[in-house]
Amino acid sequence: MMKKMSISTSKTSLVLFLCQIISALDVPLDSKLLEELSQPPTITQQSPKDYIVDPRENIVIQCEAKGKPPPSFSWTRNGTHFDIDKDAQVTMKPNSGTLVINIMNGGKAEAYEGVYQCTARNERGAAISNNIVVRPSRSPLWTKEKLEPNHVREGDSLVLHCRPPVGLPPPIIFWMDNAFQRLPQSERVSQGLNGDLYFSNVQPEDTREDYICYARFNHTQTIQQKQPISVKVFSMDSLNDTIAANLSDTDIFGAKPVTERQPVLLTPTGSTSTKVELRGNVLLLECIAAGLPTPVIRWIKEGGELPANRTFFENFKKTLKIIDVSEADSGNYKCIARNALGSVHHVISVTVKAAPYWITAPRNLVLSPGEDGTLICRANGNPKPSISWLANGVPIAIAPEDPSRKVDGDTIIFSHVQERSSAVYQCNASNEYGYLLANAFVNVLAEPPRILTPANKLYQVIADSPALLDCAYFGSPKPEIEWFKGVKGSILRGNEYVFHDNGTLEIPVAQKNNAGTYTCVARNKLGKIQNEVQLEIKDPTMIIKQPEYKVIQRYGQVSFECIIKHDSTLLPTVTWLKDNDELPDDERFLVGKDNLTIMNVTDKDDGTYTCIVNTTLDSVSASAVLTVVAAPPTPAIIYARPNPPFDLELTGQLERSIDLSWLPGDENNSPITSFVIEFEDALHEPGVWRYQTEVPGSQTTAQLKLSPYVNYSFRVIAVNRIGRSQPSEPSEQYLTKSASPDENPANVQGIGSEPDNLVITWEPLKGFQSNGPGLQYKVSWRQKDVDDEWTSVIVANVSKYIVSGTPTFVPYEVKVQALNDLGYAPEPSEVIGHSGEDLPMVAPGNVQVHVINSTLAKVHWDPVPLKSVRGHLQGYKVYYWKVQSLSRRSRRHVEKKILTFRGNKTFGMLPGLEPYSSYKLNVRVVNGKGEGPASPDKVFKTPEGVPSSPSFLKITNPTLDSLTLEWGSPTHPNGVLTSYTLKFQPINNTHELGPLVEIRIPANESSLILKNLNYSTRYKFYFNAQTSVGSGSQITEEAVTIMDEAGILHPAVGAGKAMASRQVDIATQGWFIGLMCAVALLILILLIVCFIRRNKGGKYPVKEKEDAHADPEIQPMKEDDGTFGEYSDAEDHKPLKKGSRTPSDRTVKKEDSDDSLVDYGEGVNGQFNEDGSFIGQYSGKKEKEPAEGNESSEAPSPVNAMNSFV
């Protein structure tokens, strides 16, 4: 199994990412492989540089290393060899370099002070540790001194000096009284950074004899106490009384009353001072002032602002605290002390220096013989650190020469290395404030290829899903990987496969025909090896009948179906959930093979039910909602909620439990099923009631579990089928004792908000979970996989802590532990978080576009290296836009379109493209911070397509034997137009279509005169355009040649179809008009009779005949408004059918037919000519375009009205 390898400066695994000139080589973390490969030593664990030890315990100086063969260890002390065999108190752990100095059996820690350095060595090189300065901690006693009482006049300032003994490390100072209670502090009285206690002005209540300064030495867990200091404050009234008692009446006496004074700085003194701090440390600046009234302190930075999010004020704003300082924080900081009488200020000039810190730490190199590589060591600091190199722990200037090695300042260049070039190099970056030391080895290996993936490994995937076939390999030089399908198949190539650098073959969309045997071949100049794997493609699991929404009455029965279809070789499991949780443990819920049945439904069953089908390869789900409604009421019995319980009593009080009893109220004809017990914490959340427990309705006592440091009150609620009662009256209160916390905060997360920080958040404990006063949190973190020590900080009762100065997007182990004044909670579990993301650095490469057809293209790209993403990979965005149409050569406003492909996809489809156009696109990688740079624009063109229909077709200038046609070119030609095709045919008196004539017209024409047509004849025209791809959609029109030159009327042009109805001269004859009126009168009488019989419920003969001999071409009368149905022809080449009667609003309703009168125009807008003949207003259908013809405002033709009844 492949595992991602971590990168660190001095504590690395076997092989890391290689920074080479020619190629990079990775060694997988395979246990068998690691046992066989040689490796120079790597220091994996060591004691801190400044190592302060407890003088009462044994001294353990750590030095652990790994390598192949296992390294041997040696030590130096104060720069000379330390022979541990000559000192009986010193031993070295087996298979380790860790020293144990026995202090508890007679040794003295002071005798082993010094600077220690460990060397781990094998045949491939030597790695060295940091210089470890070992010093025993010291906690000396206070020197004896005689302390005089302090007599102070009210309103004066006072400083009580602590002057603690110098210890290692320095002690923590605090002031307490004889009762071990901390002395209260305020804006008037506070402790300075040096431990002294400052009084801006003293008051009579400051008089006491037990001001005691304590020094706590944490390393040895000891506390030293200074002798108590006495302070006596004289008020003006008492001083005047004393003076009056000792003077005669004639003497002048009287002390001055307390006078207000303007501020004076107690610390620091003078008007200016300086401060030097190191980068990354905490800057503490202090100003404490005397004065009456008590001065208020304010801080500003001259010429700038105090850094946001890193600035804190402590000690009643007398201390300015800036965390994680950098060189930008240098400058002048002014504190201003002000009261009603004036102000005073002090300027502190701050200079930020920097111990060395890494810019690029050297990283291990694994090379094959003959390859090149580099080691780079870059650091910064203030002042600029100097860089020096060592080889196997020896300065490189005096180390054995290596012809393949060249030192160039902070870089070592290796050319054409050989196996003897293997060594461990040390880079030392130092200035006056510290140093950095990093080990990085060069390991030259010559290894034939090896395939680590098990032979004949079986992969199973669902159809249309990605298939990933592994071929984990190793070799030196790096092997080339090739894939074949089948034993004798050809090498796999093409866009349907993705070949990853780690040897994995990806089939992005696996189909059934992709199943079979695949062979992976790895080869380098030292050999060749191959391995076979099997791929099976399975059918996806589907829910073919999903559960449906149900409404059921209370106490009824309901069933949800979930019928599935799956691959026959996969075994599905069906799980039902209610509201995304497990089904209630209730025998009323019956789970069948294909359904879920709920018996005796209650109100609690209301909710969403989900059917989840899982196989080993996929999962599908479907949900439905169940709504429970009330059953019909039963008037005989009135059910109601129970009355509240009463007479609550607390007994058996213990620290963690108590007994509660009560009497139930009236159940109101519905038995009580349970009692719900709630509690109130009057100490932390007064007025808030929380759930405690629930007991059966037959029980009236309960033993309740309690938490420490909670002031409990309890109440009880009765429950029956109808609902819950009102709460009972609260019980008496019971306060439990304090204890250390039982639990730690939940939902601990580590997510960076900026590229250089880690924001650790958690859900704070509730008040009753604190178990005692003084709730705090110990926040700990360390970088994952680099063997760092935990860094911890204790914070107040908050929910967030920000760690600054982190590398960008690296994993961290994080934990948060609760504590209070009584102790710590149990050790918390660790969670993995990441420092902040930054924008991706690299654009996707090798962007390729495959045009599938005139409206669809497929884009491919190479994934960016995960390290360059610098965050959680969310996917890729493809930006594409049309540059111009190739047919019109005209540019327009560029409208960019964006498609997002989630995850690590390397291809995507671009739909909705316009044919015969030029497009550009680019690809960008996306993480949680945003988008990376765009790839270079890729240009591609879509091929021609079929055109749209001509924009219009107009027929003008009718004569006895000719018509003029005019048309517009297609709105979307989608290519180069090659020609137009015109088809037309006559329509006779019975509306039948005559022979079809076809004419091909050049593409550059826009009009045509058709001659030699029949006079007084209706024609139907079909017109479309062609490109080289084919014909586009057609537009249709109809027109009539005239009977004689005197009767020319230009037909209107519309977008729909109109009914073809020829009128003849007999329509103007009187006998014909009379006959038609008689027929209309008879039909009207028949309709009235049918209407009367229909209202009586009987059938009329015509109706019976229609039912018996239904004509599929004739629609029945519509029952809603009594009108007749419409008659239409579904296709253009069929004879036109008789139309429906035109409503009074001159529109024709369109029902089921696709070729009704509505399709031919806005209505039968006919009118009579001068000779009495009827000339209709016709227009052709334009693919559902809006009608363009003129509407007549005159009455419809009587002939058409008659025809609609036939």
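Computed from a prediction, not measured in an experiment: that's the story for all the values here. (Residues numbered from 1 in each chain as written. Predicted model: local features only at pLDDT ≥ 70, side-chain atom pairs only at ≥ 80, totals over all residues. Heavy atoms only, no water.)

Looking now at the state of the cysteines. This structure, assessed with the given rule, holds 6 disulfides. The disulfide partner of Cys 63 is Cys 118, and the gap between their sulfur atoms is 2.0 Å. Its S-S torsion of about -70 degrees marks the bond between Cys 63 and Cys 118 as left-handed, since a negative value means left-handed. Of this pair, Cys 63 sits in strand β4 (residues 63–68) while Cys 118 is found in strand β9 (residues 114–122), placing the two residues 55 residues apart along the sequence. Side by side, Cys 63 and Cys 118 carry an identical accessibility label, which is buried. (Disulfide = S-S within 2.5 Å. Helix = DSSP H or I, 4+ residues; strand = E, 2+ residues; numbered from the N terminus. Buried < 20%, exposed > 50% of the residue type's maximum accessible area, 1.4 Å probe, protein only.)

Tracing the backbone shows Phe 73 in strand β5 (residues 72–77). Phe 73 gets classed as buried once you look at its relative accessible area, which sits at 17%. As a C-alpha pair, Phe 73 and Asn 95 span 22 residues in sequence and 9.0 Å in three-dimensional space. In this structure Phe 73 touches Cys 63, Glu 64, Ala 65, Met 92, Ser 96, Gly 97, Cys 118, Thr 119 and Ala 120, once residues within four positions along its chain are discounted. (Contact = heavy atoms within 4.5 Å.)

One open sheet accounts for 4 strands, arranged β60-β59-β62-β63; its pairing is antiparallel. Every other strand in the sheet has two partners, leaving β60 (685–696) and β63 (734–735) as the edge strands with one partner each. Relative to strand β62 (residues 711–719), strand β59 (residues 674–681) runs antiparallel, the two sharing 8 bridges. The residue of β62 that forms the bridge with Ser 674 is Val 719. (Pairing = 2+ DSSP bridges.)

With that settled, the discussion passes to the sheet that holds strand β37 (residues 434–444). Overall, mixed pairing links the 5 strands, which are arranged β29-β37-β36-β32-β33 in an open sheet. Each of the sheet's edge strands pairs with one partner strand only, and the pair in question is β29 (365–367) and β33 (394–395). Two elements, strand β32 (residues 386–391) and β33, share 2 bridges in a ladder whose sense is antiparallel. Paired with Ala 391 across the bridge in β33 is Val 394.

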